[in-house]
Amino acid sequence: MDAPATFGTAEDDLHWLNVKDTPGFVMASIAWLLVFYCDFVVTYMCLYYSWSYALIIVYNVLVVLSLWSHLKTMLTDPGAVPRAARPLASARDAGIPETICGRCDAYKPPRSHHCRICNRCIIRMDHHCPWMNNCIGALNQKHFVLFLIYTWGQCTFALTLLIVRLSECDGTISECFPSEDGRLAISLLVFSLLTLIFVTSMLYNQVYAVLTGIGTIDRMKRHTRHLHHMPVRWLDVFGIDAAWIAPIDPKFQDRDRVLGYTTLGNSWKIPHPDDPTATDDDESLGDSQVLDEGKEAEEGSEPHSPLVVASALVYGLVGPMVDGAGGWLWWVAPVVSGAGGAGGADDFVR
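Residues numbered from 1 in each chain as written. Predicted model: local features only at pLDDT ≥ 70, side-chain atom pairs only at ≥ 80, totals over all residues. Heavy atoms only, no water.

**Let's talk about the packing of helix H4 (residues 141-168) against helix H6 (residues 179-212)**
Okay, step 1: Packing of H4 against H6 leaves a shortest axis separation of 8 Å and a crossing angle of 145°. Judged by the twist between their axes, the crossing of H4 over H6 is left-handed.
Okay, step 2: Class assignment of the residues belonging to the contact of H4 with H6 gives a composition of 18 nonpolar, 7 polar and no charged. (Axes fitted to C-alpha atoms, helices over the stretch in contact; angles between N-to-C directions. Helix = DSSP H or I, 4+ residues; strand = E, 2+ residues; numbered from the N terminus. Left-handed = near helix turned anticlockwise from the far one by under 90°. Nonpolar A, V, L, I, M, F, W, Y, C, P; charged D, E, K, R; others polar.)

**Section: the pairing of strand S5 (residues 112-115)**
Okay, step 1: Covered by surrounding structure in S5 are Ser112 and His114 together with His113 and Cys115, the residues of both alternating faces.
Okay, step 2: Counting the residues in the hairpin turn of S5 and strand S6 (residues 120-123) gives 4 residues, including Asn119, whose phi is positive at 60°. (Buried < 20%, exposed > 50% of the residue type's maximum accessible area, 1.4 Å probe, protein only. Pairing = 2+ DSSP bridges.)

**As for helix H2 (residues 53-75)**
Okay, step 1: Under the 1.5 Å per step criterion, the end-to-end length of H2 is 33 Å for 23 residues, consistent within 8% with the ideal 33 Å.
Okay, step 2: Residues of H2 that are buried sit in contact with strand S2 (15-16), helix H1 (22-48), strand S8 (134-136) and H4. (Expected span 1.5 Å × (residues − 1). Contact = heavy atoms within 4.5 Å.)

**Quick notes on the nonpolar core**
Okay, step 1: If you look at the biggest cluster of nonpolar residues, it comprises 22 residues, and the most contacted ones within it are Val42, Met45, Tyr59, Phe177 and Leu188.
Okay, step 2: Counting only elements with at least two residues in this core, the list comes to H1, H2, H4 and H6.
Okay, step 3: Sorting elements by how many residues they give to this core places H1 first, with 6 residues.
Okay, step 4: With near-sequence residues (within four places) excluded, Val42 lies in contact with Tyr59, Ala158, Leu161 and Leu188. (Core = buried A, V, L, I, M, F, W, Y, C linked by side-chain atoms within 4.5 Å.)

**Re the pattern of salt bridges**
Okay, step 1: Here the structure, examined in full by the defined rule, presents 3 salt bridges.
Okay, step 2: Across the pair Lys72 and Asp249 runs a salt bridge whose closest N-O atoms are separated by 3.1 Å. Of this pair, Lys72 sits in helix H2 while Asp249 is found in the loop between helix H8 (235-238) and helix H9 (255-259), placing the two residues 177 residues apart along the sequence.
Okay, step 3: Accessibility expressed as a relative area gives 22% for Lys72, which makes it partly exposed.
Okay, step 4: Taking relative accessible area as the criterion, Asp249 reaches 41% and is therefore assigned partly exposed.
Okay, step 5: Linking Arg233 and Asp236 is a salt bridge whose minimum nitrogen-to-oxygen distance equals 3.4 Å.
Okay, step 6: The buried category is assigned to Asp236, whose relative accessible area is 7%.
Okay, step 7: Overlapping salt bridges bring together Arg233, Asp236 and Arg257 as one network. (Salt bridge = Lys/Arg side-chain N within 4 Å of Asp/Glu carboxyl O.)

**Topic: the side chain of Thr73**
Okay, step 1: With respect to the helices and strands, the residue Thr73 is situated in helix H2.
Okay, step 2: Among the polar contacts listed, one links the side chain of Thr73 to the backbone oxygen of Ser69, at a separation of 2.7 Å. (Polar contact = N/O pair within 3.5 Å; in protein donor to acceptor, adjacent residues only side chain to side chain.)

**Some remarks on the packing of aromatic side chains**
Each aromatic ring pair is specified by the distance between its two centres and by the angle formed by the two planes.
Okay, step 1: On inspection of all chains with the given rule, the structure shows 11 aromatic pairs.
Okay, step 2: Ring centres of Tyr44 and Tyr48 lie 5.7 Å apart, and the angle between their planes is 25°; this geometry places the pair in the stacked category. Of the two residues, Tyr44 and Tyr48 are both situated in helix H1; the distance of 4 residues between them amounts to about one turn of the helix.
Okay, step 3: A relative accessible area of 29% means that Tyr44 is categorised as partly exposed.
Okay, step 4: Here Phe238 and Trp244 contribute two aromatic rings whose centre-to-centre distance is 4.9 Å and whose plane-to-plane angle is 20°, an arrangement assigned as stacked.
Okay, step 5: With a relative accessible area of 32%, Trp244 lands in the partly exposed category.
Okay, step 6: Aromatic rings pair up to connect Phe40, Tyr44, Tyr48, Tyr49 and Trp51 into one cluster. (Phe/Tyr/Trp six-rings, centres within 6.5 Å; stacked < 30°, edge-to-face > 60°.)

And the structure:
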């Protein structure tokens with residue numbers, strides 16, 4: 001048996017980090033570079049036009065909170081299901097079917113999906129986000145939502161500065177932002193406006209997922225009629241502690257209920273229909289369903305192909321139109337999992 005790695009997504013690895021997804025690392029790095037570039041432009045403009053230092057402080061506080069949230073989203077286990085997971089008694093009493101992941105050969109709790117990039121089943125998985133280089137699930141959704149909120153604040157702040165500068169200037173745009181200032185202002189305008197549209201669409205998706213209990217993947221795969229969906233409590237996203245605005249790990253009053261499984265010992269075990277020792281009274285064989293996801297997966301599909309990476313950018317713009325268009329836009333563009341992507345549902349998750 002191989003020794004556990006320092007970083008990885010396997011159950012025995014010491015720290016959670018997807019180290020095998022090179023495109024994810026590249027896109028996460030691009031996100032950081034964009035944040036730093038916009039921070040430089042805003043700081044430069046505030047100093048050049050002798051604006052209040054308070055503006056620099058406020059913007060940089062948003063930058064720090066945004067990058068902190070990004071790191072926490074990337075480095076936090078999103079809710080990977082351990083092999084010791086067992087069904088909750090309340091779920092069995094409610095008649096919720098028990099399923100086994102054909103890839104993990106382990107219990108697959110309700111509203112979980114198997115991510116072929118992380119190679120784990122993820123609780124309440126919404127999508128795999130290349131901008132975060134991680135899945136968005138039950139245990140890091142708070143950090144992801146905070147990242148979107150703080151990034152939205154940065155974009156709004158930067159655009160407001162540009163509008164105020166134009167409103168106070170009596171000359172033309174080129175006179176208000178001469179030479180190098182004009183190029184910096186235009187780049188800040190473009191980055192902030194596109195990012196604002198992108199982030200707003202993702203905030204819409206996250207709020208929709210919480211209010212309806214239907215994640216992005218479930219909408220894409222049309223599983224909404226076959227799953228036990230209920231709205232997700234905000235306490236099950238942000239936790240019961242008061243530090244909702246800080247990207248620290250949430251604390252749950254009933255962690256097992258939030259995750260949908262328990263690791264405490266019980267008589268349940270993975271059902272194997274060909275097991276000669278199994279009997280009709282074996283509790284593990286009740287309503288369990290074995291999902292052979294390997295047979296369902298499309299052969300030859302590779303995560304984060306150039307076409308799929310490019311389509312992640314497109315989704316941030318078309319996402320809010322999807323539901324209103326009756327869902328047909330999901331199939332017009334091969335949408336990827338991302339901070340604007342929902343997981344290339346048939347290529348990335350099951």
